[in-house]
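Here is what each chain is made of, one letter per residue.
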Amino acid sequence: MLSSLRSRLASIPKILKNGVSKANALKSKPKLTLNDLASSLGAGAATALAGYSIYTYLTAPNYAKIRGEIEDVLDNLDYEDGSMGPVLVRLAWHNAGTYSMFDGTGGSEGAGMRFGPEAGDDANAGLHVARDLLEKIKEKHPEISYSDLWSLAGTVAIEALGGPTCAWIGGRKDYADASEGPPQGRLPDATRNADHLRAVFYRMGFSDQEIVALSGAHVLGRCHSDRSGFEGPWVNSMTTFSNEYFRELFENQWTVKNWKGPLQYEDKSGALMMLPTDMELKNDPEFRVYAEKYWKDQDLFFKDFAKAWTKLMHLGFTC
């Protein structure tokens, strides 16, 4: 960290020189230049702006370094299927999935899961595993907000597990306490139907196509009976991002699982499962149109997923 700071400090003279040179040049300009913020503010303000740029440069998180450290902790042979990636994706999604476009509350900014009410939401059971993992990185980089860290971690995990590159911008702020957080119960209930899915995702500003694209993230990870109540993975390659979720949905045969847990479906082998909301993507006519497209065209799925994920990760955040 000290070597990084020394490197940034060493660049200050050059930044100052450039800022002062621009300010002096402005004095001799007879007219304002269109879209030139510095010229419209004046030389003094330009110098101040240069100083602010230096401050921002020195205090902003080193996202590239943090990204690398996230990648370093993804592989873990002691955790489930050998990767922490799926649980990091779930953390990022559940953090952002609280957004409401009607009142502007919730979203990727805030990191309300640090506090009891949101952390204790049944839908977030088990996510302490992901939060605890990222806490070590947070301790090394206190300048990054939890909101940024969780959002970046999910995005990095998708890319590292073979998924598409998703645009990501930092700068999110954290809530000071739980009182700033959104109401609980805004995440989807997997036992419900298509109308419920639409009610949840329309609240966030998503379309039917985006709902189906985002559902494709079920290709990663598995359900746990001691967390969500459901049990099992959706696919066999649960640490590889692909369109296999849609292939299984349409090419496999699904029947109601005979067990004491909540309603879920299983294939003939009993090894794979689908949730009631998963089956809605196949049974609902509007959802099915997009699900079939992603089943037959992985490139299209990757393209649409990247756009929807980027949108999700920036809900409630004005960069």
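Parameters and conventions
Residues numbered from 1 in each chain as written. Predicted model: local features only at pLDDT ≥ 70, side-chain atom pairs only at ≥ 80, totals over all residues. Heavy atoms only, no water. Helix = DSSP H or I, 4+ residues; strand = E, 2+ residues; numbered from the N terminus. Expected span 1.5 Å × (residues − 1). Buried < 20%, exposed > 50% of the residue type's maximum accessible area, 1.4 Å probe, protein only. Arc of directions from axis to C-beta. Polar contact = N/O pair within 3.5 Å; in protein donor to acceptor, adjacent residues only side chain to side chain. pLDDT = per-residue confidence, 0-100. Contact = heavy atoms within 4.5 Å. 1 Å grid on protein atoms, 1.4 Å probe; cavity = no way out; pocket = protein on both sides within 12 Å on 5 of 7 lines; lining within 4 Å. Points joined across faces, edges and corners; volume = space filled by probe spheres on them. Nonpolar A, V, L, I, M, F, W, Y, C, P; charged D, E, K, R; others polar. Pairing = 2+ DSSP bridges. Salt bridge = Lys/Arg side-chain N within 4 Å of Asp/Glu carboxyl O. Lys, Arg positive; Asp, Glu negative; His and termini not counted. Axes fitted to C-alpha atoms, helices over the stretch in contact; angles between N-to-C directions. Parallel < 35°, antiparallel > 145°, perpendicular 65-115°, else oblique.

(A) Highlighting helix α14 (residues 285–296). With twelve residues, α14 extends 17 Å between its outermost C-alpha atoms, agreeing within 8% with the 16 Å of an ideal straight helix rising 1.5 Å per residue. If you check which residues of α14 are buried, you get Phe287, Ala291 and Tyr294. The buried residues of α14 all sit within an arc of 60 degrees when viewed along its axis, so they share a single face. Seen from the buried face of α14, the exposed residues on the opposite side, beyond 90 degrees, are Pro285 and Lys296. Put simply, Asp284 is the residue that caps the front of α14, since its side-chain oxygen is 3.1 Å from the backbone nitrogen of Glu286.

(B) Structural detail: the confidence of the model for the chain. With 82% of its residues at a pLDDT of at least 70, the chain reaches an overall mean of 87. Segment residues 1–41 is flagged for pLDDT under 50; beyond a separation of four residues in sequence, or across chains, it makes 32 contacts in the model.

(C) Empty space enclosed by the protein, seen in detail. If you walk through the whole model with that rule in mind, you get one cavity of 30 Å³ or more. Considering only enclosed or pocket space, the largest cavity measures out at about 40 Å³ in volume. Together, Thr98, Glu118, Asp121, Asn124, Pro182, Pro183, Gln184, Gly185, Arg186 and Leu187 line the largest cavity. Of the residues belonging to the lining of the largest cavity, the class tally is three nonpolar, four polar and three charged.

(D) Inspection of the sheet that holds strand β3 (residues 255–256) at higher detail. On the basis of which strands lie adjacent, the open sheet formed by three strands has the order β3-β4-β5 and antiparallel pairing. This sheet does not close on itself; its edge strands, each paired only once, are β3 and β5 (273–274).

(E) The arrangement of the environment of Thr239 in detail. Mapping Thr239 onto the fold places it in the loop between β2 (232–233) and α12 (244–251). Sequence separation of Thr239 and Ile158 is 81 residues, and the distance between their C-alpha atoms is 9.6 Å. Filtering out sequence-adjacent residues up to four positions away, Thr239 remains in contact with Asp81, Ser83, Leu161 and Leu220.

(F) Local environment of unusual backbone geometry. With a phi angle near 40 degrees, Glu80 is a residue other than glycine that sits in the positive phi range. Turning to its location among the elements, Glu80 is positioned in the loop between α5 (63–72) and α6 (85–96). Judged by its relative accessible area of 37%, Glu80 falls in the partly exposed class. Backbone geometry places Ala111, a non-glycine residue, at a positive phi of 55 degrees. Position of Ala111 among the secondary structure elements: in the loop between α6 and α7 (116–119). Take Ala111: its relative accessible area is 1%, and that puts it in the buried class.

(G) Region of the structure containing the layout of surface pockets. Volume-wise, the largest pocket comes out at about 1,000 Å³. If you go around the largest pocket, you meet 43 residues; those closest to its centre are Arg90, Trp93, His94, His218 and Trp234. Top element by residues in the lining of the largest pocket is α6. It accounts for six residues. Class assignment for the residues of the lining of the largest pocket results in 23 nonpolar, ten polar and ten charged.

(H) Quick peek at the pattern of salt bridges. Applying the stated rule across the entire model yields twelve salt bridges. Connected through shared salt-bridge partners, Arg198, Asp208, Asp284 and Glu286 make up one network.

(I) Layout of the side chain of Lys282. Relative to the helices and strands, Lys282 is located in helix α13 (residues 276–283). In this structure Lys282 is buried but unpaired, with Glu292 as the nearest side chain of opposite charge at 8.8 Å. The contact partners of Lys282, leaving out residues within four places of it in the chain, are Leu249, Phe250, Asn252 and Arg288.

(J) Looking closely at the environment of Ser207. With respect to the helices, strands and loops of the structure, Ser207 is situated in the loop between α10 (194–204) and α11 (208–215). The class for Ser207 is partly exposed, based on a relative accessible area of 31%. Along the primary structure Ser207 and Ala308 are separated by 101 residues, whereas in three dimensions their C-alpha atoms are 9.5 Å apart.

(K) Expanded view of the side chain of Asp208. Tracing the sequence through the fold places Asp208 in helix α11. Within the structure, Asp208 has its side chain in polar contact with the side chain of Tyr202 (distance 2.7 Å). Discounting residues that sit within four places of it in the chain, Asp208 has contacts with Arg198, Tyr202, Glu286, Phe287 and Tyr290.

(L) Region of interest: the packing of α6 against helix α15 (residues 298–313). Direction vectors running N to C along α6 and α15 enclose 60 degrees, while the axes themselves pass 9 Å from each other. Relative to α15, α6 is oriented oblique. Between α6 and α15, the residues in contact are Val89, Ala92, Trp93 and Ala96 and Trp309, Leu312 and Met313, respectively. Across the contact of α6 with α15, the residue classes break down as seven nonpolar, no polar and no charged.

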